[in-house]
Every structure is written in structure tokens, then in C-alpha cells.
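Reading the structure
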Amino acid sequence: MPEASKPAAGKEVVSILPSIAFSDLKNHKFDEIIDVRTPLEFAEDHVQGAINLPVLSNEERAQVGTLYASDKLKGRKIGAALIARNISDHIMNHFQDKELDYKPLIYCWRGGQRSRSMATILKEIGFQPSLLQAGYKQYRKTICNYLCTEENEKDGETNLERIKLVRISGATGSGKTLLLKALEERGEQILDLEYLAKHKGSILGDYPDAGQPSQKFFETELYNQLEALKTDKVVWVENEGSKIGNLNVSRRLFERMSSSPRVHITVDMDDRVDYILKDYEYLISNPDLKLPDLLKRIEKYAGKKTCDAWLKLLGEKNYRELVVGLIKYYDSSY
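Structural notes, computed from the coordinates. (Residues numbered from 1 in each chain as written. Predicted model: local features only at pLDDT ≥ 70, side-chain atom pairs only at ≥ 80, totals over all residues. Heavy atoms only, no water.)

**Structural notes on the overall build of the chain**
In terms of regular secondary structure, the chain is built from 16 helices and eleven strands. Its C-alpha atoms give the chain a radius of gyration of 27 Å, more than 25% over the compact-globule value 20 Å for 334 residues. Principal-axis analysis of the C-alpha atoms places the extent of the chain at approximately 110 × 45 × 40 Å. By the burial criterion, 40% of the 334 residues in the chain qualify as buried. Put simply, 70% of the contacts in the chain that link residues at least 6 apart link residues at least 24 apart. For the chain, the exposed surface amounts to about 19,300 Å²; the carbon and sulfur share of it is 51%. (Helix = DSSP H or I, 4+ residues; strand = E, 2+ residues; numbered from the N terminus. Rg over C-alpha atoms; globule rule 2.2 N^0.38 Å. Buried < 20%, exposed > 50% of the residue type's maximum accessible area, 1.4 Å probe, protein only. Contact = heavy atoms within 4.5 Å. Areas by Shrake-Rupley, 256 points an atom, 1.4 Å probe, with all protein chains shown as cover.)

Right, here's the structure in full:
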């Protein structure tokens, strides 16, 4: 008898998805950058301009991770089901009005299953998705190398090495930030680190209406600001320490600032007091900000006797003498 014919081997169909390195993004144009990580991951940090369309919620990612640790196959099945359901919701709610020439850039943590799942389905619809090569993990590595790696260890000179920094220094209350803003209004380039850090630099420097960003997001904002600066003009920056509130100024920037030219401003005590009373008025007018508790933060540095004297002045609403006392403390600390 003739030998039975063997069934033809199935042909595997693989969707080819373009993968773009972060360093090459400036050479491409995308309609949207989509971060498919969880809302918590996105809130901590994300690529500038990205929107968040999570394929797993915070709770779902934790659920799948726990399940995968004990039963990989079951974890993959549940993960796939949840991702498919969530992508379906995004198609109905976000992608419904997109045309066939729609070109999104999609990323997840490592450029793996979460981003590839969404990109594959969008490609099958007829859109033109691309993946961020190696995902957020590689993006974050790029930012860290830019801000923290020694110049001779990097591939070529970056804008951080090319810009011409000039520091503005001065004692507490001398209006350094005010001068920085005035320079910006006159068309000068500035790098406002306190604005990026959402903090005024002192123990009392918390913004009244915004908490500080994560260290990662601060560095993302810093990277984008540095890359946007022109190298043929001076960049004015306030003289800062290595920390602004709870955030660290990147090592490479701090080294550049420390070796840059410095302009020092001197202001009379009365003018410094007037400036601080105006600049920190919200601490006095808003009891919810709990100024007494903020002053007590300094007690371990200034001593209990000094702190008690400040609290007494605060209780008497003698704000001017309180500010004089704080200025003298800060002057003696630098």
C-alpha cells in the first residue's frame, strides 16, 4: 500500500512589529506614545508626552504575578485573558475613531508581552504601531546614563556637557528665584530646578498645592529640560545643594553647576524679610499647612530653645521677628 501522506506542517504567521530605540525617537513621528503599564507604574515615571492605557490594572498585575509564581501556565492564561479584555475596552473607548494611518508608539516595562499584545492587535486592525525597544527599562537606563555617568564613559558629548551654565547665588530671601523668572521674561534661558522638584529648597519649602514628584519623574523632567536648551546661549540656574527637598540633583548636573561661573547677589535684611513674608504668605494664612509642625522639624538642628522662641513669636503673630530669626539661623548654617 502506498504510504499515507503526512499532513502539511502549519505555517506560522508572525506579525512584524517595528522596534524603535529611544535614542532614535527624534527621527520618527508618532501620533501618540502609549504606556500600557499599570497606573501606579505610569504615575511614578513615564516617557514625556505618553498617555496611559493600561492592559493590566494595579490589582490585576499583582494577581497575575502571584499566580505566575506558583503556576506559570495558569498565570499566563489568566494574564492573557485580562490583557485581552482590557485591550478590547481600549479599542472601543480610545481607538474607535482612529484612521488606518494612525501610528502609535507603544511600550511597557521591558518591551515584552504587555506592549506586544496591544501592538499586535492594533496591527491586525490595520494601524501602524511600533514598539519602544526594550521598553521603559531601557529608557530609564538612558536617562540614568545621561545624568549620572562620567563624561568619558558615555558615547559622545551630550547637551549637559555643551550648555553654558551660570549660577545665581545669594542668602535665604535674596530673591534668587525671582531674578531667575525675571531673566526668563527677558528671553534668557533658565533651568528652574526648584520648579521641577516642586520645592523651594528649605525645610519650609514644600509647595502648598503639589507634592514632590518621584525621583525618577524629576530626572525625566530634568533630562527633557536639558535636551531642550540651546548651547549658543547662557543658561541661568539657581545655586542649589545636592538635594532639593527629598530629591537628589543628578551627579553630572551638580558637578557642572559646581564648576560653573557664579553671580552672587546681596540684599538688605529688611528687603529679605519683606520678600520671605510675601513668598511664604500661604504658610501664615493657611492653618492646614501646620506651620508649627514645620518649625519643629528644624528643632533637632537649631535646638529646642531657639525653636521654642520661634513658636512663641508665631503664637504672638509677630511674623516679622520670626522671619528675622529664621534668616539668622539659615545664614549661620551656610
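**Here we look at the pattern of salt bridges**
With the rule as written, the count across this model stands at 16 salt bridges. A salt bridge links Arg85 to Glu60, with the nearest nitrogen and oxygen atoms 3.2 Å apart. Taken together, the positions of Arg85 in helix 3 (residues 72-93) and Glu60 in helix 2 (residues 58-70) put the pair 25 residues apart, joining distant regions of the chain. Accessibility expressed as a relative area gives 47% for Arg85, which makes it partly exposed. Measuring nitrogen to oxygen at the nearest pair gives 3.5 Å for the salt bridge that ties Asp206 to Arg297. Here Arg297 lies in the loop between helix 13 (291-296) and helix 14 (299-302) and Asp206 lies in the loop between helix 8 (193-197) and helix 9 (215-228), a separation of 91 residues in the sequence. Note on Asp206: relative accessible area 32%, which makes it partly exposed. Relative accessible area serves as the criterion here: at 41%, Arg297 is assigned to the partly exposed category. Here the salt bridges do not stand alone but share partners, grouping Glu41, Arg61 and Arg114 into one network. (Salt bridge = Lys/Arg side-chain N within 4 Å of Asp/Glu carboxyl O.)

**Observations regarding the sheet that holds strand 4 (residues 104-107)**
In spatial order, the strands read 1-5-4-2-3; together these five strands make up an open sheet with parallel pairing. Each end of this open sheet is capped by a strand with a single partner; those strands are strand 1 (19-20) and strand 3 (51-52). Contacts between helix 4 (residues 113-125) and the sheet are confined to strand 2 (32-35), strand 4 and strand 5 (130-132), with strand 4 contributing the most and set at about 150° to the helix. (Pairing = 2+ DSSP bridges. Axes fitted to C-alpha atoms, helices over the stretch in contact; angles between N-to-C directions.)

**As for helix 15 (residues 304-315)**
Residues separated by three or four positions in an α-helix point in the same direction, a consequence of the helix having 3.6 residues per turn. Helix length check: helix 15 (twelve residues) gives 16 Å between terminal C-alpha atoms against 16 Å at 1.5 Å per residue, within 8%. All of the buried residues in helix 15 are Cys307, Trp310, Leu313 and Leu314. Around the axis of helix 15, the buried residues are gathered within 120° of arc, so they sit on the same side. Those residues of helix 15 that are exposed and aimed more than 90 degrees away from the buried face are Lys304, Lys305, Lys312 and Gly315. (Expected span 1.5 Å × (residues − 1). Arc of directions from axis to C-beta.)

**Concerning the packing of helix 3 against helix 4**
In contact at an axis separation of 10 Å, helix 3 and helix 4 are set at 50° when each is read in the N-to-C sense. As judged from the angle between their axes, helix 3 and helix 4 are oblique. As helix 3 runs across helix 4, the sense of the crossing is right-handed. On helix 4, the residues that touch Arg76, Ile83, Ile87, His90 and Ile91 of helix 3 are Gln113, Arg114, Ser117, Met118, Ile121 and Ile125. (Parallel < 35°, antiparallel > 145°, perpendicular 65-115°, else oblique. Left-handed = near helix turned anticlockwise from the far one by under 90°.)

What is shown is where atoms sit, not what they do.
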